[in-house]
Every structure is written in C-alpha cells, then in structure tokens.
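Structural features, examined
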Amino acid sequence: MRRPVAVLVGPMGSGKSTIGSALAARCGVGFTDTDHEIEERSGRRIPEIFAVDGEGVFRRLEAEVVAEVVTTHDGVVSLGGGAVMTQAVRDALAGHVVVYLQIGSDTGFARVASSDRPLLADPDPAARYAELLALREPTYRDVSTIVVDAGRPPRVVVDEIVERLPCRAETSDEVVPNPARSEQE
C-alpha cells in the first residue's frame, strides 16, 4: 500500500489546491485533488452533482475516491472542505499525516465569495461560510496531525509544513531531510 506524504484538509478557500501543488513540487512528488478526481470520474462538475443527485450521493462518491486515493497515491492529496464530515473519510485518514490548513471565516470567505460553491448558495453566503467553518473546525482538528495558519502567503505556509514534514525523494521511499531543519539541529 502506498501512503501520501501528506493529506491536506480545511475549509473551502483555505488554499488546499494551491498549497498542495506547491508542497508536492517542493517535496518532488505528485499532487492529487480529490475534488478534481471526482469530477474526472463522474464526468460532471461538483455543482452539477449536488444539483442533480444531492449532497448525499456526492458524499458517498467522495468517500470512495478518498479511500482509494489515500491507499494508492504517494504524493500530496487535498480533500474537499466537507470530506472530513463523513465517517468513512475520517476512518480512511487514520494513520496518515493530515495537515489542517486553518483559516479565519472572513479570509476564507473572501477567497471563495465569487465562486459557484454549492454549499454557499444561500441568501447570506458569508454567514453560511462561518456556520460551516464553526461546524467543521473541531473535526478538522480531530483528524489532523499538523495545524498551520493558512491565512498567510502560500510560500510561507509551504515553508512551515516542510519544516514539520519530512519529504520523500521522488525516486525512492527515502526521506529527504529538510536543509533548514538540519542547520538548526
């Protein structure tokens, strides 16, 4: 079984895709976004799945994709914002390095305000975002092994994760030491 270098969780707008791809490049590994995988496999965009099939069907599909990806991908994986609210996803994350990209409600909402996120289709999307964050935050913390402040520039966030996470060499399972950490030791 392969294991991801890290699995990124956090609310929409926390930068999971941006941070994930930058972290993967820094570690010399691949990057997989489970939302993208769901869209590829279903041939539909996530808002369409929500609209036609409902959130329950989407969450079952998401759980299947996450369970597969965390056992077959050895790079960096990012999960959709609500994925951790499904017990099957939490079970699949057990034993993995899970990084919670923590962000404040105002900053996170500002990053997604003009998007077509199905869960923000609400008369007051900022209030809905804050409500979802408050509901999900304890679960993000429960599943995570590393928590970082994602309200900073991506490079700074990646630097902090790399300081706390040894990266594997691209061609082997060998751990690549972090030069900054080696200098501090």
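Residues numbered from 1 in each chain as written. Predicted model: local features only at pLDDT ≥ 70, side-chain atom pairs only at ≥ 80, totals over all residues. Heavy atoms only, no water.

1. Comments concerning the environment of arginine 141
Short version of the rule: Comment: elements are numbered from the N terminus, with helices defined as DSSP H or I runs of at least four residues and strands as E runs of at least two. Here's how the labels work: a residue is buried when its accessible area is under 20% of the maximum for its type, exposed when over 50%, partly exposed in between, all with a 1.4 Å probe on protein chains only.
In this structure, arginine 141 sits in helix 7 (residues 125-143). A relative accessible area of 38% places arginine 141 in the partly exposed class. It is 9.6 Å that separates the C-alpha atoms of arginine 141 and valine 98, two residues lying 43 residues apart in sequence.

2. Section: the packing of helix 2 (residues 34-42) against helix 4 (residues 55-72)
Stated precisely, the cut-off is as follows: Lines fitted to C-alpha atoms define the axes, with helix axes restricted to the stretch in contact, and inter-axis angles between N-to-C directions lie between 0 and 180 degrees. Our angle categories are set so that under 35 degrees counts as roughly parallel, over 145 as roughly antiparallel, 65 to 115 as roughly perpendicular, and the remainder as oblique. Each crossing gets its handedness from the near helix: less than a right angle anticlockwise from the far helix is left-handed, clockwise is right-handed. Should any heavy atoms of two residues lie within 4.5 Å, those residues are considered in contact. Residue classes follow a fixed rule: Ala, Val, Leu, Ile, Met, Phe, Trp, Tyr, Cys and Pro count as nonpolar, while Asp, Glu, Lys and Arg count as charged, and any other residue, Gly among them, counts as polar.
Two elements in contact, helix 2 and helix 4, have axes separated by 10 Å at closest approach and are oriented at 110°. Comparing the axis directions of helix 2 and helix 4 gives the class roughly perpendicular. For the crossing formed where helix 2 meets helix 4, the hand is right-handed. Contacts between helix 2 and helix 4 pair Thr34, Asp35, Glu37, Ile38, Arg41 and Ser42 from the former with Phe58, Leu61, Glu62, Val65, Val66, Glu68 and Val69 from the latter. Each residue belonging to the contact of helix 2 with helix 4 can be placed in one class, and the counts come to six nonpolar, two polar and five charged.

3. Concerning the environment of arginine 41
This is how the line gets drawn: Throughout this description, a polar contact denotes any pair of N or O atoms lying within 3.5 Å of each other; where both atoms belong to protein, one of them has to be capable of donating a hydrogen while the other can accept it, and for residues adjacent in sequence the pair is counted only when both atoms sit in side chains.
Topologically, arginine 41 is positioned in helix 2. A sequence separation of 24 residues divides arginine 41 from valine 65, and the C-alpha atoms of the two residues are 9.1 Å apart. With residues up to four places along the chain from it excluded, the contact list for arginine 41 reads Val65, Glu68 and Val69. At 3.0 Å, the side chain of arginine 41 forms a polar contact with the side chain of glutamate 68.

4. Digging into the packing of helix 3 (residues 46-53) against helix 4
Two elements in contact, helix 3 and helix 4, have axes whose closest approach is 7 Å; the angle formed by their N-to-C orientations is 130°. In terms of orientation, helix 3 and helix 4 fall into the oblique class. Of the residues in helix 4, those in contact with Ile46, Ile49, Phe50 and Asp53 of helix 3 are Glu55, Val57, Phe58, Arg59 and Leu61.

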